[in-house]
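Coordinates in review
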Amino acid sequence: MSARLLDGKSLAAALRAEVAADVAALRAATGRVPGLAVVLVGADPASRSYVTGKEKACAAAGIYSREIPLPAATGRAEILAAVRALNADDAVDGILVQLPLPDPSSERDVIEAIDPAKDVDGFHPTNVGRLVLGLPAFVPCTPNGVLEILRRAGVPLAGAEVVVVGRSQIVGRPLSILLSQKGVDATVTLCHTRTRELARHTRAADVVVVAAGRPHTLTAGMVKPGAVVIDVGVNRVPDPGKASGYRLVGDVDFEPVAATAAAITPVPGGVGPMTVAMLLRNVVEAARRRGAARQ
Ligand code: NAP
């Protein structure tokens, strides 16, 4: 490996320390502790472990968190009622509904029920629209984490050719908007399964971000020597050598790509920790804005 490792864990630790200082300052100034409510419907093990990680990170930063566990069979109306109760709860600055829901057809309604001022995941249409318009908004945590990694690593973005692989509402599409906004100024190409000759695009890129959810989406021959590679993917692949029976891999063929790239994020320990740190930052921002609105 010749690439510089972009260590998301240590970048996130620095960011979380900054958030903890902001929480302490906010508490000293207002007497209030920022609060996050997490709605978890069902007992999917991956969702459970993501929620536990977020709650632990909140505690470490001095943020109050409350979990609202609901049985998997909870209907849309009850989930909406839980969200509305949290909208009205003054101790709650941020609301996060862990996705996917057991019934994915409810997700749009549930997201739209969240008060945009408490939408720390940045998925509400008001925040998505504000992001597109370049107005202050809650920005989805994973794309914001990717941007933060690039910034903190000193990767030049103005005028850079950036290819984003994947156009989901939670990662690829908002990331393409963030990177192309004024002030960041990258030239962005957004690729997906209907893209012809994906490799032709990725090979021309200064920065490649892969958020496809498929191992081996980016292989060594697809990367320009000296490019920066950000791997958002988290995939479980069977591994009899592990007690769990699986291991986590990204969307990038790490070793061969690392031999060509200038810098690369690992999986795990890359984008994931930054996603959680950006969530904490959004919760503090929500608390700050709500405090200012109260005055
Ligand atoms: P998603 O909703 O399934 O979207 C995947 C996107 O990738 C789609 O736009 C799809 O194109 C595109 N795609 C898939 N295979 C492709 C290929 N071979 N070539 C080109 N495009 C391809 O996934 P997501 O929610 O964005 O998540 C993507 C990955 O990131 C997953 O592994 C997920 O676990 C991970 N993730 C990680 C974090 C983190 O914090 N680290 C957070 C969120 C997600 P079409 O639109 O044409 O189908």
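One can find the structure itself at the top, above this paragraph.
Structural notes, computed from the coordinates. (Residues numbered from 1 in each chain as written. Predicted model: local features only at pLDDT ≥ 70, side-chain atom pairs only at ≥ 80, totals over all residues. Heavy atoms only, no water.)

Right, let's talk about empty space enclosed by the protein for a bit. Empty space left among the atoms is revealed by rolling a probe the size of a water molecule over them. One pass over the structure, following the stated rule, counts one cavity of 30 Å³ or more. Its boundaries defined by the atoms lining it, the largest cavity holds a volume of some 40 Å³. Lining the largest cavity, in full, are V97, L99, I111, I114, D119, D121 and F123. A breakdown of the residues in the lining of the largest cavity according to their chemical character gives five nonpolar, no polar and two charged. (1 Å grid on protein atoms, 1.4 Å probe; cavity = no way out; pocket = protein on both sides within 12 Å on 5 of 7 lines; lining within 4 Å. Points joined across faces, edges and corners; volume = space filled by probe spheres on them. Nonpolar A, V, L, I, M, F, W, Y, C, P; charged D, E, K, R; others polar.)

Position of L86 among the secondary structure elements: in helix 3 (residues 76-87). Linking L86 and K118, residues 32 residues apart in sequence, is a C-alpha distance of 9.2 Å. (Helix = DSSP H or I, 4+ residues; strand = E, 2+ residues; numbered from the N terminus.)

Under the counting rule described, the total for this entry stands at 19 salt bridges. Here R290 ties to D93 by a salt bridge, and the two come within 2.6 Å at their closest N and O atoms. Linking R290 in helix 10 (residues 271-294) with D93 in the loop between helix 3 and strand 4 (94-97), this pair joins segments that are 197 residues apart in sequence. Judged by its relative accessible area of 0%, D93 is buried. Between D239 and R247 there is a salt bridge whose closest N-O contact spans 3.2 Å. (Salt bridge = Lys/Arg side-chain N within 4 Å of Asp/Glu carboxyl O. Buried < 20%, exposed > 50% of the residue type's maximum accessible area, 1.4 Å probe, protein only.)

Reading across from one edge, 3-2-4 is the order of the three strands in this open sheet, with parallel pairing throughout. Looking along the sheet, the strands with just one partner apiece sit at the ends: strand 3 (64-70) and strand 4. Geometrically, the sheet is characterised by an average inter-axis angle of 15 degrees between neighbouring strands, direction not taken into account. (Pairing = 2+ DSSP bridges. Axes fitted to C-alpha atoms, helices over the stretch in contact; angles between N-to-C directions.)

Taken N-terminus to C-terminus, the directions of helix 2 (residues 45-61) and helix 10 make an angle of 55 degrees; their axes are 10 Å apart at the nearest point. As far as their axial angle goes, helix 10 and helix 2 are oblique. Judged by the twist between their axes, the crossing of helix 2 over helix 10 is right-handed. In contact with G53, K54, A57, C58 and A61 of helix 2, helix 10 contributes V276, L279 and L280. Here the contact of helix 2 with helix 10 is composed, by residue class, of six nonpolar, one polar and one charged. (Parallel < 35°, antiparallel > 145°, perpendicular 65-115°, else oblique. Left-handed = near helix turned anticlockwise from the far one by under 90°. Contact = heavy atoms within 4.5 Å.)

Take the site of the ligand next. Contacts to the ligand come from 20 residues, most closely from R167, S168, T193, V234 and T275. With respect to the ligand, the side chain of T193 contributes an N or O atom lying 2.4 Å from an oxygen atom. Here V234 contributes a backbone N or O atom positioned 3.0 Å from an oxygen atom of the ligand. Its free accessible area being 930 Å², the ligand has 71% of it covered by the protein chains. Along the lines of polarity and charge, the residues of the shell around the ligand split into eight nonpolar, ten polar and two charged. (Near = heavy atom within 4 Å. Polar contact = N/O pair within 3.5 Å; in protein donor to acceptor, adjacent residues only side chain to side chain. Areas by Shrake-Rupley, 256 points an atom, 1.4 Å probe, with all protein chains shown as cover.)

With that settled, the discussion passes to the packing of helix 1 (residues 8-30) against helix 6 (residues 141-152). One way to put it is that helix 1 packs onto helix 6 with a least axis distance of 11 Å and a crossing angle of 100 degrees. Of the possible angle classes, the one that applies to helix 1 and helix 6 is roughly perpendicular. For the pair helix 1 and helix 6, contact is made by L11, A14, L15 and E18 and by E148, I149 and R152, respectively. Here the residues of the contact of helix 1 with helix 6 sort into four nonpolar, no polar and three charged.

Turning to the pairing of strand 8 (residues 228-231), a few remarks are in order. On a regular strand, each side chain points to the face opposite its neighbour's, so the side chains alternate between the two faces of the sheet. Alternating positions in strand 8 separate into two faces, V228 and I230 on one and V229 and D231 on the other, with burial throughout. When strand 7 (residues 207-210) meets strand 8, the two strands line up parallel, connected through four bridges. Paired with V208 across the two strands is V229, which belongs to strand 8. Judged from the two bridges that link them, strand 8 and strand 11 (residues 263-264) form a sheet pairing that is parallel. The partner of V228 across the bridge, within strand 11, is A263.

Interpretation in functional terms is not warranted from these geometric data alone.
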